[in-house]
Amino acid sequence: MPTPLKKLRLHGFNNLTKTLSFNIYDVCYAESEAQRDAYIAYIDDAYNAARLTAILTDVTEIIGANILNVARQDYEPQGASVTMLISEEPVAAEQLTNYAKPGPLAKPVLAPNAVVAHLDKSHITVHTYPETNPATGISTFRADIDVSTCGRISPLRALNYLIHSFESDVVIMDYRVRGFTRDVKGRKHFIDHNIASIQNYLSQDTQDRYQMVDVNVYQENLFHTKMVLKHFQMDDYLFCIEEKDLHEPDKLHIERLLRRELSEIFYGCNLGRDLEFGG
């Protein structure tokens, strides 16, 4: 584990902006229009504004922030938004650390939909994007999450909690430290904590479940990690049907569709139609 940087004596406020942005994807097969409508209804209920608010409230506690104001709204036909105005809690922030280790695990909380939160000059946002492809029967749910802080605490402290708050097949994460802060001698500091990889902030059970790849640009304080579930269980991706009810040719066809969808999301590109995706 990297050693923490020596505590800085700053000239005024810590002006570094630390931003964690990540997307989580949930993929399923819903063949008929009725099944796809049922999936969207399920997602809309599971990721509504009330549940988003509960998750953001926990995140603010984890990063040592204080909620000043909350506004939330559910939308028709689906979707929700939550906005929080927050400020850093000085006492709590002083007691928290940015060590490269997993933060607190998620409590048994229900999951989220679309959110925005402000920490003084910082913010937390979550937006959800349900999507279906009638031609293939594949439905994909994406949650776009952004946690940005100005001050001592890095949003990476909340990452472990957020990962456990969603049931994700693919997760793509970026962490960036921008700007600079100045110490009492006038020297600029472009980062105030050690970090080698976002993976260091994930718990062992997450690392065991996912295949992970890093693309980091250390001189720019830019870190990128993406991960996809290691093990494929057909029933985890079926909606309103079960694997045992499928004929073998249909099962193989659906599995190829699902594996292609997961691979294209993970690699961020359309793959050749002749590619095979094995177990």
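Quick caveat: nothing in here was measured; it's all calculated off a predicted structure.

(A) Layout of the nonpolar core. Of all hydrophobic cores here, the largest spans 50 residues; its most connected members are Phe22, Ile145, Leu159, Leu162 and Met173. Here this core gets six residues from one element, more than from any other, and that element is helix 2 (residues 49–62). The contact partners of Leu159, leaving out residues within four places of it in the chain, are Leu20, Phe22, Met173, Ile198, Tyr201 and Leu202. Core analysis: the next-biggest nonpolar cluster, separate from the first, contains 18 residues, Tyr25, Val170, Met234 and Tyr237 among them.

(B) View of the pairing of strand 6 (residues 138–150). Judged by how many residues are buried, strand 6 sits mostly within the fold: 11 of 13 residues are covered. When strand 1 (residues 17–29) meets strand 6, the two strands line up antiparallel, connected through 13 bridges. The residue of strand 6 that forms the bridge with Ile24 is Ala143. Direction of pairing for strand 5 (residues 122–133) relative to strand 6: antiparallel, over a ladder of 11 bridges. Of the residues in strand 6, the one forming a bridge with Thr128 is Ala143.

(C) Local environment of helix 2. The first and last C-alpha atoms of helix 2 sit 20 Å apart over 14 residues, in line with the 20 Å expected at 1.5 Å per residue. Of the positions making up helix 2, those classed as buried are Ala49, Leu52, Thr53, Ile55, Leu56, Asp58, Val59, Thr60 and Ile62. The residue sitting at the N-terminus of helix 2 and contributing the capping side-chain oxygen is Asn48; that oxygen lies 3.2 Å from the backbone nitrogen of Ala50. Phi for Gly64, located one or two positions after helix 2, is positive at around 75°.

(D) Quick look at the side chain of Asp26. The residue Asp26 is located in strand 1 in this model. Among the polar contacts made by the side chain of Asp26, one reaches the side chain of Tyr39 at a distance of 2.9 Å. In this structure Asp26 touches Tyr39, Ser139, Thr140, Phe141, Glu167 and Asp169, once residues within four positions along its chain are discounted.

(E) Looking closely at the packing of aromatic side chains. Considering all chains together, one arrives at nine aromatic pairs under this definition. Ring geometry for Phe232 versus Tyr237: centroids 4.9 Å apart, planes at 10°, classification stacked. Accessibility expressed as a relative area gives 16% for Phe232, which makes it buried. Note on Tyr237: relative accessible area 2%, which makes it buried. The lysine or arginine in question, Lys188, covers the ring of Phe180, its NZ or CZ lying 5.5 Å from the ring centre. The ring of Phe266 has Lys226 lying over it, and the distance from NZ or CZ to the ring centre is 5.2 Å.

(F) How the structure looks around the state of the cysteines. For the coordinates displayed, the defined rule picks out zero disulfides. You can see Cys28 has no disulfide; the closest cysteine sulfur is in Cys240, sitting 8.5 Å from it. Accessibility expressed as a relative area gives 3% for Cys28, which makes it buried.

Cut-offs used in this document
- Residues numbered from 1 in each chain as written.
- Predicted model: local features only at pLDDT ≥ 70, side-chain atom pairs only at ≥ 80, totals over all residues.
- Heavy atoms only, no water.
- Core = buried A, V, L, I, M, F, W, Y, C linked by side-chain atoms within 4.5 Å.
- Buried < 20%, exposed > 50% of the residue type's maximum accessible area, 1.4 Å probe, protein only.
- Helix = DSSP H or I, 4+ residues; strand = E, 2+ residues; numbered from the N terminus.
- Contact = heavy atoms within 4.5 Å.
- Pairing = 2+ DSSP bridges.
- Expected span 1.5 Å × (residues − 1).
- Polar contact = N/O pair within 3.5 Å; in protein donor to acceptor, adjacent residues only side chain to side chain.
- Phe/Tyr/Trp six-rings, centres within 6.5 Å; stacked < 30°, edge-to-face > 60°.
- Lys NZ or Arg CZ within 6 Å of the ring centre and 35° of its normal.
- Disulfide = S-S within 2.5 Å.

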